[in-house]
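Residue strings, one per chain:
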Amino acid sequence: MTTMTDTSNAARFREFKMPDVGEGLTEAEILKWYVQPGDTVTDGQVVCEVETAKAAVELPIPFDGVVHELRFPEGTTVDVGQVIIAVDVAPGSGDAAPAAEPAAQPEPEPEAPKGRQPVLVGYGVAETSTKRRARKGAEVPAPVAAVAIQGELNGHGAATVRESRPLAKPPVRKLAKDLGIDLATIVPTGEGGIITRDDVHAAATPVPVQVQAPVVAETVPVPEAPAAAVMGVRETRIPVKGVRKVIAQAMVDSAFTAPHVTEFVTVDVTRTMKLVAELKEDKDMAGVRVNPLLIVAKALLVAIRRNPEVNSAWDEANQEIVRKHYVNLGIAAATPRGLIVPNIKDAHDMTLPELAAALGELVSTAREGRTSPAAMAAGTVTITNVGVFGVDTGTPILNPGESTILAVGAIKLQPWVHKGKVKPRQVTTLALSFDHRLIDGELGSKFLADVAAILEQPKRLITWS
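These numbers come from a predicted model, not from an experiment.

J.: Any details on the overall build of the chain? Residues and values, ideally.
T.: Check the secondary structure of the chain and you find eleven helices and 21 strands. Considering only contacts within the chain whose residues lie at least 6 apart along the sequence, 63% involve residues at least 24 apart. For the chain, the exposed area adds up to about 26,000 Å²; of that, 56% sits on carbon and sulfur atoms.

J.: So, the sheet that holds strand 6 (residues 65–70): which residues are in play, and what are the values?
T.: By way of backbone hydrogen bonds, the strands of a sheet pair with one another, either parallel or antiparallel. Judged by pairing direction, the sheet is antiparallel, and its four strands sit side by side in the order 1-8-6-3 without closing on themselves. The open sheet terminates on both sides in strands that have one partner only, identified here as strand 1 (13–17) and strand 3 (40–41). Judged from the five bridges that link them, strand 1 and strand 8 (residues 83–88) form a sheet pairing that is antiparallel. When the bridges of strand 8 are listed, Phe 16 appears paired with Ile 85.

J.: Describe the environment of Pro 342, naming the residues involved and giving the relevant values.
T.: The topology assignment puts Pro 342 in the loop between strand 16 (338–340) and strand 17 (343–344). For the pair Pro 342 and Ala 366, spaced 24 residues apart in sequence, the C-alpha separation works out to 7.8 Å. Every residue in contact with Pro 342, bar those within four places of it in the chain, is listed here: Leu 329, Gly 330, Ile 331, Leu 362, Thr 371, Ala 375 and Met 376.

J.: Kindly report on the nonpolar core, identifying the contributing residues and their values.
T.: Membership of the largest hydrophobic core comes to 46 residues, with the highest contact counts inside it found for Leu 300, Leu 329, Leu 355, Ile 383, Leu 406, Leu 430 and Val 451. Listing elements by their share of this core, those giving two or more residues are helix 7 (270–280), helix 8 (292–306), strand 14 (329–331), helix 9 (352–367), strand 18 (381–384), strand 19 (404–408), strand 21 (421–435) and helix 10 (441–456). Among the elements that line this core, the one with the most residues is helix 8, at eleven residues. Residue contacts for Val 451: discarding those within four places in its chain leaves Ala 299, Leu 300, Ala 303, Leu 406 and Leu 430. In this structure, Ala 28, Val 57, Leu 59 and Val 243 belong to the second largest nonpolar core, which totals 28 residues.

J.: Tell me what's going on with helix 8, and back it up with residues and numbers.
T.: Between the first and last C-alpha of helix 8 there are 21 Å, a value that for 15 residues agrees with the 21 Å anticipated at 1.5 Å per step. Most of helix 8 is tucked away, with twelve of its 15 residues classed as buried. Considered for burial, the residues of helix 8 that qualify are Leu 293, Leu 294, Ile 295, Val 296, Ala 297, Lys 298, Ala 299, Leu 300, Leu 301, Val 302, Ala 303 and Ile 304.

J.: A description of the pairing of strand 13 (residues 320–323) should follow, citing residues and the corresponding values.
T.: Side-chain direction in a regular strand flips from residue to residue, so the side chains alternate between the two faces of the sheet. Here strand 12 (residues 312–315) pairs with strand 13 via four bridges, running antiparallel. Of the residues in strand 13, the one forming a bridge with Asp 315 is Glu 320. Here strand 12 hands over to strand 13 after four residues, with Gln 319 in that stretch at a positive phi of 50°.

J.: Explain the sheet that holds strand 5 (residues 56–60) residue by residue, including any values.
T.: Spatially, four strands are ordered 5-4-2-7 in an open sheet, and the strand pairing comes out antiparallel. Where the open sheet ends on each side, the last strands, each with one partner, are strand 5 and strand 7 (77–79). Sheet twist, expressed as the average angle between the axes of neighbouring strands with direction ignored, equals 40°. Bridging between strand 4 (residues 46–51) and strand 5 involves five bridges; their strand directions are antiparallel. The residue bridging Val 46 from the neighbouring strand is Pro 60, located in strand 5.

J.: Report on unusual backbone geometry, specifying residues and quantitative values.
T.: The backbone of Asp 346 shows a phi angle near 55°, a positive value even though the residue is not glycine. Backbone geometry at Lys 419 places phi at a positive 55°, although glycine is not the residue there. Examined against the element boundaries, Lys 419 turns out to sit in the loop between strand 20 (412–418) and strand 21.

J.: Tell me about the side chain of Lys 324, residues and numbers included.
T.: Tracing the backbone through its elements, the reader meets Lys 324 in the loop between strand 13 and strand 14. Buried charge without a salt bridge: Lys 324, with Glu 402 as the nearest opposite-charge side chain at an N-O distance of 7.9 Å. With residues up to four places along the chain from it excluded, the contact list for Lys 324 reads Asn 311, Ser 312, Ala 313 and Thr 380.

Cut-off values and rules
- Residues numbered from 1 in each chain as written.
- Predicted model: local features only at pLDDT ≥ 70, side-chain atom pairs only at ≥ 80, totals over all residues.
- Heavy atoms only, no water.
- Helix = DSSP H or I, 4+ residues; strand = E, 2+ residues; numbered from the N terminus.
- Contact = heavy atoms within 4.5 Å.
- Areas by Shrake-Rupley, 256 points an atom, 1.4 Å probe, with all protein chains shown as cover.
- Pairing = 2+ DSSP bridges.
- Core = buried A, V, L, I, M, F, W, Y, C linked by side-chain atoms within 4.5 Å.
- Buried < 20%, exposed > 50% of the residue type's maximum accessible area, 1.4 Å probe, protein only.
- Expected span 1.5 Å × (residues − 1).
- Axes fitted to C-alpha atoms, helices over the stretch in contact; angles between N-to-C directions.
- Lys, Arg positive; Asp, Glu negative; His and termini not counted.
- Salt bridge = Lys/Arg side-chain N within 4 Å of Asp/Glu carboxyl O.

Pasting the structure below:
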């Protein structure tokens, strides 16, 4: 009889494991649960959002039922293959309960059904034991317990448990977590009671303590103590994980694998800036964002057409140079999650309005933290716009798997010899880093010179196309 009950429970309660959401990643952090125990879910419904080392991804559940248990609270990093949610797929079949839920004391998790498990992609993952931290004190309902555990993970101790979670977007939650701020302590100012980035920064700013100064005969200036000393904090240790961990490994691999060469050129972009101003008024460009980066991107694509050898990759395993006959144009983007390089697929086939629309979508998606792993895969060449930070230029490191990266510096009004006279002109500096294993100095120089020539005389976008 007991065997029959156990078998019935195993068939009734199905478990959903953390899938491999792309490119062989081994773990992901649960950013947000969209469901709670007792909620009804349907096949394909998004139940949570997780953050991998490359992107934030929403996970749909592959079966119908009623949520029985959330195995991990928000903010927990979970290995691929671990069970994250249990669902009652036959809620009206009686009072059967999984073996892991006796009232007296913690028990092992219910044994998962044998065989392949339905996951988001692939044919299932290896069985993995999942250990849960023993509960302390009185038993708390699952949704409330998750909030309490999250408070402990954020370093705020056993804070007062609230039934409703603060409203905030995933990037804002990530910012609050990085700064050690409990969202429950923040007064939201956003529409609909949503906590904004400014709210988090305001909460992280220490409130100056007003101290009554003693009365003395003369006013003696007292040096102000450093903020860190006042707060009693001299160092902060931040775990290396997520995007930062991937960036670090990628940069080390690239810097110490590909022999980098960086060349520079300073160019008068006054005519390019005039073209940008004219395009902003062009009805064919209505609804898309026009900026200097758009013209730089188009110039790069034309220069690649004139120098196709630069659009290549080094295959170390097969000892081959892989010539790409397409351009997936990467744009380095600084986001709340760190530096990412999404790319525009087949940018070489796009018209200027299409390229402008793709750039706008890429940037907005990156800022919202919605860039998918697929959007960051298979890039062929990259642009990094350091000029937005007021920097003249830099020596960019190649994105792994690529052979060229162009850094664009700040555009500034400078004295420049134009038609034999010194005049104020808009000038910028370009820096091109390339893999010297497959790009010789001559080829790299010609390529950079072509980009500069187009920006100096943007009519070459037509004559060289």
